[in-house]
Amino acid sequence: MTDIFHEIEEDLRRERLRKLWDRFGGLIIAAIVLVIVGAGGWSGYKYWRHQQAVAASTAFQSAVSLFDAGKFAEAETAFSAVAKDGPTGYRSLALFRGAAAAAARDKAAGVAAFDAIAADASLPALVRELAQLRAALILVDTSSLADVKQRVAAIAAGTGPLRNSAREALALAELKAGDAAAANKTATDITSDSETPPGVRSRAELIRRLTAGAEPAAPESAAPTPAAPGGAATQ
């Protein structure tokens, strides 16, 4: 008798499963297919990203080799291609190396390239400020104090991590322009900052020593007026 009840239960269970399958079987199969396709798609995407990174790395190293060989125009073109087509992580680095290649063949072209980076709103603020600083350092030797100030004055006056490097560029430009007193003051601002990197601090100390005689003189107290003949001294 027990076997009969067991068989009946098994038949009922199979019938319920059959009805469930008839009702939801298509959805179950679709869900399994989606999981398989999704896993395959993610694996394919990761493989594609890896291949893109490998290709960008190879292209970047080729561009570096061109730069090291003194083929600056070719290197600039190669770096530009990496910046345009490579993964995001390579973009800023390739842009800077391309601008450096442009500066190596023509300083004005290098300034223009760094200015273009500084004007690119899609880049982080620190990257753009670094581009302004690089352009200013080129201009220290090739242009006017006003051109240098245009690019780094705001950075030098701020509190960002590049402020003292910007002040250094500004002090060098002031020194080159013959304004020793301004160079001394800017160098003093650098040495007075507790967060100044050691290398920048030592160069600022050198500028201070070179311009020590140009420090603004302290105001003197008024000297008494010589005494008038036959009378007391007037004040």
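These lines cover the structure that appears in this document, whether it is placed above or below. (Residues numbered from 1 in each chain as written. Predicted model: local features only at pLDDT ≥ 70, side-chain atom pairs only at ≥ 80, totals over all residues. Heavy atoms only, no water.)

Digging into the overall build of the chain
Inference 1: Summing up its helical and strand segments, the chain has nine helices and zero strands in all.
Inference 2: Taking all 235 residues of the chain together, the buried fraction comes to 28%.
Inference 3: Residue pairs at least 24 apart in sequence account for 46% of intrachain contacts in the chain once pairs closer than 6 positions are excluded.
Inference 4: Looking at the chain as shown, the accessible area adds up to about 14,900 Å², and 61% of this sits on carbon and sulfur atoms. (Helix = DSSP H or I, 4+ residues; strand = E, 2+ residues; numbered from the N terminus. Buried < 20%, exposed > 50% of the residue type's maximum accessible area, 1.4 Å probe, protein only. Contact = heavy atoms within 4.5 Å. Areas by Shrake-Rupley, 256 points an atom, 1.4 Å probe, with all protein chains shown as cover.)

Structural notes on the pattern of salt bridges
Proximity of charged atoms lets side chains of opposite charge pair with each other.
Inference 1: By the definition in use, this model includes nine salt bridges.
Inference 2: Salt-bridge contacts for Arg-167 lead to Asp-193; the nearest nitrogen and oxygen are separated by 3.4 Å. Taken together, the positions of Arg-167 in helix 7 (residues 163-176) and Asp-193 in the loop between helix 8 (180-191) and helix 9 (198-210) put the pair 26 residues apart, joining distant regions of the chain. Across the pair, exposure class does not vary: Arg-167 and Asp-193 are buried alike.
Inference 3: Close ionic contact of Lys-185 with Asp-189 constitutes a salt bridge, the shortest N to O distance being 3.4 Å. Taken together, the residues span about one helical turn, with Lys-185 and Asp-189 both in helix 8 at a distance of four residues.
Inference 4: For Lys-185, a relative accessible area of 55% gives the class exposed.
Inference 5: A single network of salt bridges, built from pairs that share partners, joins Arg-163, Arg-167, Asp-193 and Glu-195. (Salt bridge = Lys/Arg side-chain N within 4 Å of Asp/Glu carboxyl O.)

Re the packing of aromatic side chains
Inference 1: Considering all chains together, one arrives at four aromatic pairs under this definition.
Inference 2: Each ring, one from Phe-67 and one from Phe-72, has its centre 5.2 Å from the other, and the planes form 70°; the classification is edge-to-face.
Inference 3: The rings of Phe-60, Phe-79 and Tyr-90 are connected pair by pair, giving a single aromatic cluster. (Phe/Tyr/Trp six-rings, centres within 6.5 Å; stacked < 30°, edge-to-face > 60°.)

With respect to the environment of Phe-114
Inference 1: You can see Phe-114 is positioned in helix 4 (residues 107-118).
Inference 2: For the pair Phe-114 and Arg-128, spaced 14 residues apart in sequence, the C-alpha separation works out to 8.6 Å.
Inference 3: Contacts of Phe-114, omitting those with residues within four sequence positions, involve Phe-96, Ala-99, Ala-100, Ala-131, Arg-134, Ala-135 and Ile-138.

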